[in-house]
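Architecture and fold: a report
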Amino acid sequence: MSEPATTPVPSSLWQPRGAWEGAATRGRHGASAGAAGIRLTLREGQGLATIIAADGREADLQAILAERFGLSLSETGATTFDGERGLVWSAPGQWLAVSPERHGLREWPAALRDVAAVTDQSDGRALVRVSGRSARALLAKGVSIDLHPRAFGPGRAAVTSIAHIGVQLWQRDAGPTYDIAVARSFAGSFWRWLEHAAAEFGYEVV
C-alpha cells in the first residue's frame with residue numbers, strides 16, 4: 001500500500017515585502033526622447049528611527065551621539081550626515097535617524113536610554129531618492145514649500161506635504177538630489193502621483 005501524498009507546509013505564510021513592492025516598477029518610463037530627466041532610487045533596507053529628546057536632556061543626547069556614533073544633532077530645518085548615516089530634523093527636540101543598514105540603529109535605544117525615546121521606523125516608512133536634472137521641477141509640481149536654491153539647498157530638511165500627502169523631505173546635494181520619506185500606508189498613493197508627475201521628463205526607477 002502506497003504512502004499518502006503530503007502537502008509541503010511552508011515555513012511561514014508571512015513573507016517580507018519592500019515598501020514599494022506592488023507600486024513601483026523598475027526600468028525606464030515616461031517620455032521616450034533623450035535621456036531620462038529623473039532617477040528614482042528605491043531606498044529599501046534602510047534603518048530608520050525617530051529620536052525624541054527627554055525634557056532638558058538635549059545636551060546629554062548630543063554628547064552621547066558625538067561620543068558613541070560620531071554624529072551631531074541637526075539644527076532646525078537641517079540635516080547632519082556622514083555618508084548615508086545621519087540625522088534629519090523633524091520638529092523641536094525630534095529627529096529622524098537614518099542608517100544605510102536595516103540594523104544599523106539597533107544600539108541606539110540602549111545608548112540613549114534616559115535621554116531620548118528611540119522608536120524604530122524601518123518598517124513604518126517608505127524612502128525614495130529623487131535625482132536628475134529635472135528633480136526640482138518634478139517636486140515643484142506638488143511640494144508645498146519653496147525649493148529654489150536660495151530657499152532650500154543641500155543640508156536642508158522639511159516636514160511638509162506633496163500632493164496632500166505628508167512627507168519628510170531633505171536635500172542631499174546640489175545635483176539636486178532629494179530623499180523623501182512617506183508613511184508606508186501612503187506609499188502606493190504617493191507613488192502614483194510621483195510616476196505621473198515624472199512622466200513628462202522621462203524617468204528611470206532603480
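Below or above, wherever it landed, is the structure these notes cover. None of these values were measured; they are calculated from a predicted model.

Analysis parameters
Residues numbered from 1 in each chain as written. Predicted model: local features only at pLDDT ≥ 70, side-chain atom pairs only at ≥ 80, totals over all residues. Heavy atoms only, no water. Pairing = 2+ DSSP bridges. Helix = DSSP H or I, 4+ residues; strand = E, 2+ residues; numbered from the N terminus. Axes fitted to C-alpha atoms, helices over the stretch in contact; angles between N-to-C directions. Core = buried A, V, L, I, M, F, W, Y, C linked by side-chain atoms within 4.5 Å. Buried < 20%, exposed > 50% of the residue type's maximum accessible area, 1.4 Å probe, protein only. Contact = heavy atoms within 4.5 Å. 1 Å grid on protein atoms, 1.4 Å probe; cavity = no way out; pocket = protein on both sides within 12 Å on 5 of 7 lines; lining within 4 Å. Points joined across faces, edges and corners; volume = space filled by probe spheres on them. Nonpolar A, V, L, I, M, F, W, Y, C, P; charged D, E, K, R; others polar. Expected span 1.5 Å × (residues − 1). Arc of directions from axis to C-beta. Phe/Tyr/Trp six-rings, centres within 6.5 Å; stacked < 30°, edge-to-face > 60°. Lys NZ or Arg CZ within 6 Å of the ring centre and 35° of its normal. Polar contact = N/O pair within 3.5 Å; in protein donor to acceptor, adjacent residues only side chain to side chain.

Concerning the sheet that holds strand S2 (residues 38-42)
Neighbouring strands of a sheet are bound in pairs by backbone hydrogen bonds; such pairs are parallel or else antiparallel. Pairing within the open sheet is mixed, and its 7 strands lie in the order S1-S12-S2-S8-S11-S10-S9. The outermost strands of the open sheet, each flanked by one partner alone, are strand S1 (27-29) and strand S9 (157-162). Here the strands of the sheet are splayed against their neighbours by 25° on average, with no regard to which way each runs.

Focus on the sheet that holds strand S4 (residues 79-82)
The 5 strands are arranged S4-S5-S6-S3-S7 in an open sheet whose pairing can be described as antiparallel. Strands at the two margins of the open sheet, each flanked by one partner only, are S4 and strand S7 (116-120). Neighbour to neighbour, the strand axes of the sheet diverge by 20° on average, direction disregarded.

As for the nonpolar core
Membership of the largest hydrophobic core comes to 33 residues, with the highest contact counts inside it found for Trp20, Ile38, Leu40, Leu138, Ile180, Phe190 and Trp191. Breaking this core down by element, the ones donating at least two residues are S2, strand S8 (125-131), helix H3 (135-140), S9, strand S10 (165-173), strand S11 (177-183), helix H4 (187-198) and strand S12 (203-205). Looking at this core element by element, the count peaks at 7 residues for H4. Setting aside chain neighbours within four positions, we find Leu138 in contact with Ile38, Val130, Trp193, Leu194, Ala197, Ala198 and Phe201. Counting 18 residues, the second-largest nonpolar core is a separate cluster that includes Leu61, Leu71, Trp89 and Ala116.

Here we look at the layout of surface pockets
Reported here for the largest pocket is a volume of approximately 160 Å³. Taken together, Leu48, Ala49, Arg102, His103, Leu105, Arg106, Pro109, Val118, Thr119, Asp120 and Ser122 make up the lining of the largest pocket. Those elements that place two or more of their residues in the lining of the largest pocket are strand S3 (47-53) and S7. With 3 residues, the single largest contributor to the lining of the largest pocket is S7. The class makeup of the residues in the lining of the largest pocket is 5 nonpolar, 3 polar and 3 charged.

Observations regarding H4
For an α-helix the count is 3.6 residues per turn, leaving residues at separations of three or four pointing the same way. End to end, H4 covers 16 Å across 12 residues, agreeing with the expected 16 Å (1.5 Å per residue, within 8%). For H4, the full list of buried residues reads Ala187, Phe190, Trp191, Trp193, Leu194, Ala197 and Ala198. The buried residues of H4 occupy an angular sector of 165° when the element is viewed end-on, so they sit on one face.

Considerations on the environment of Ala181
Secondary-structure assignment places Ala181 in strand S11. Under the relative-accessibility criterion, Ala181 is labelled buried at 3%. Separated by 111 residues in the primary sequence, Ala181 and Gly70 place their C-alpha atoms 23 Å from one another.

A few points about the packing of aromatic side chains
According to the stated counting rule, one finds 3 aromatic pairs in the structure shown. Judged by centre distance (5.3 Å) and plane angle (55°), the ring pair of Trp20 and Trp191 falls under tilted. Here Trp20, found in the segment before S1, pairs with Trp191, found in helix H4; they are 171 residues apart in sequence, far enough to count as distant. Residue Trp20 shares its accessibility class with Trp191, and that shared class is buried. Considering the side-chain rings of Phe69 and Trp108, the 4.7 Å spacing of their centres and the 20° angle between planes classify their relative orientation as stacked. Taken together, the residues span a long stretch of sequence, with Phe69 in helix H1 (residues 58-69) and Trp108 in helix H2 (residues 108-111) at a distance of 39 residues. In this pair, the class of Phe69 matches that of Trp108, namely buried. Lying over the aromatic face of Phe81, Arg172 brings its terminal NZ or CZ to 4.2 Å of the ring centre.

Regarding the environment of Arg133
With respect to the helices and strands, the residue Arg133 is situated in the loop between S8 and H3. Judged by its relative accessible area of 61%, Arg133 falls in the exposed class. For Arg133 and Arg39, which are 94 residues apart along the polypeptide, the C-alpha to C-alpha distance reads 9.1 Å. Setting aside anything within four residues of it in sequence, one finds Arg133 in contact with Ala35, Ala36 and Gly37. Polar side-chain contacts of Arg133 include one of 3.3 Å to the backbone oxygen of Ala36.

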